[in-house]
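# Chains, contacts and geometry: an overview
Here's the letter readout for the chains.
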Amino acid sequence: MAEKSAQVGNAKLLSAEESAKAKAELGVDDFQDAVEDVGDGVKTFDVSVEEMSIIRAELACEFPDDYKYLSDAYIESVASKPYSKDMSIRRPLEYSIEKLSDVMKWRDENGTPTLKDMVKIANGPSNAPEATENYQHYERCKAVTTALNNGSLYWHGLTKEGHPILWIRCNRKPWYPDVDADIKALIILADIGISCMPKNITDFVVVSDSTSPPPPIPTFMIELLKVLVKGYPDRLHLLASAPVSSIIQFVMKLLLPLMPGRLSTKIHLSDVEGIREKLEELLPNGKDDIPTFFNGPVNHDEFYPDESYCSKKGPGVLKFDFYGMIERLEKARDDFEAKSASSN
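Residues numbered from 1 in each chain as written. Predicted model: local features only at pLDDT ≥ 70, side-chain atom pairs only at ≥ 80, totals over all residues. Heavy atoms only, no water.

### Observations concerning the nonpolar core
Ile-192, Leu-279, Phe-322 and Met-325 are the most contacted members of the largest nonpolar core, which has 87 residues in total. Here this core takes 10 residues from helix 10 (residues 179–195), the largest share from any one element. Ignoring any residue separated from it by four or fewer positions in sequence, one finds Phe-322 in contact with Lys-116, Val-119, Leu-148, Ile-188 and Ile-192. (Core = buried A, V, L, I, M, F, W, Y, C linked by side-chain atoms within 4.5 Å. Buried < 20%, exposed > 50% of the residue type's maximum accessible area, 1.4 Å probe, protein only. Helix = DSSP H or I, 4+ residues; strand = E, 2+ residues; numbered from the N terminus. Contact = heavy atoms within 4.5 Å.)

What follows is the structure in structure tokens.
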């Protein structure tokens, strides 16, 4: 039985040595406090206007082109938490600045602020200057955009509380993905979701239709976890997935030992009936907002059909309704904020 659980197809769980190496790359021990929730009933602390100004100034000085990426609400949520070494006091200001700087350094090292431009380049003509000046980069732009085209990942709507929802359609994912392109596409989508968050919302929800997932690729799964831990700490509010197959069980066995803090408590695995109950709690109109792939009435394919039904959005390779998705998410945010303002 143990051997069966250790392998799915050609994918195997990590050895002790491989697991230790992955943890070292993730920086789990050092980063645990930054991604750990303080839990219900544990107080947070005030952060003064002056302290917020100090943090902002430090980030603006070190990262002048990208410092506005972090909202005041997110900075305050990080700085207001108890210190892991002494839960009776707030995180030292220097510690919060260090952790926020780590996120910004990760973004800089991975070229995150300009990744969205790759979609624009790939959607343009092949003889455009930005395409011909660097052919190798243009090919990567096309690969990243192609990774979006299958419609396996998209933002659609908000929860009752205002968290943007990233939907995953596992049966649309390729069996042999371009790992680098898939990771870049995910980072682009993550940044879009964060940029479209309502005021005072700092995290998002992920809902996965895990029917017929492709065979697991450990290298991709670990890179995915690295992105979440190093680039987007405290950004995941909930990940709900159904149904639970042997492949999903394998993925969890692979990733759980590598996850820092209480990240694993944000993952909800269930059967379809279980996720319908969860979605009824989360979605603004309850069961009336549940998509058809979870036996609900809402057809997401109206906006995000299978790639075979999509046409190009421009002279390039983009088929996915990338810009329409952004417009709809921005409208959902604006509607949510307007409704919140009118009820106050």
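### Things to note about the pairing of strand 6 (residues 164–169)
With 6 of 6 residues buried, strand 6 lies mostly within the body of the structure. Residues Pro-164, Leu-166 and Ile-168 point to one face of strand 6 and Ile-165, Trp-167 and Arg-169 to the other, with burial holding for every one of them. Bridge analysis of strand 5 (residues 153–158) against strand 6 gives 4 bridges, and the strand direction is antiparallel. Counterpart to Leu-158 in the pairing with strand 6 is Pro-164. In sequence, strand 5 turns back onto strand 6 through a hairpin of 5 residues, with Gly-162 there showing a positive phi of about 100°. Examined bridge by bridge, strand 6 and strand 7 (residues 204–209) share 5 bridges and lie parallel to one another. When the bridges of strand 7 are listed, Ile-165 appears paired with Val-205. Taken together, strand 6, helix 10 and strand 7 constitute a β-α-β crossover, and its handedness is right-handed. (Pairing = 2+ DSSP bridges. Right-handed = clockwise from strand over helix to strand, strands pointing away.)

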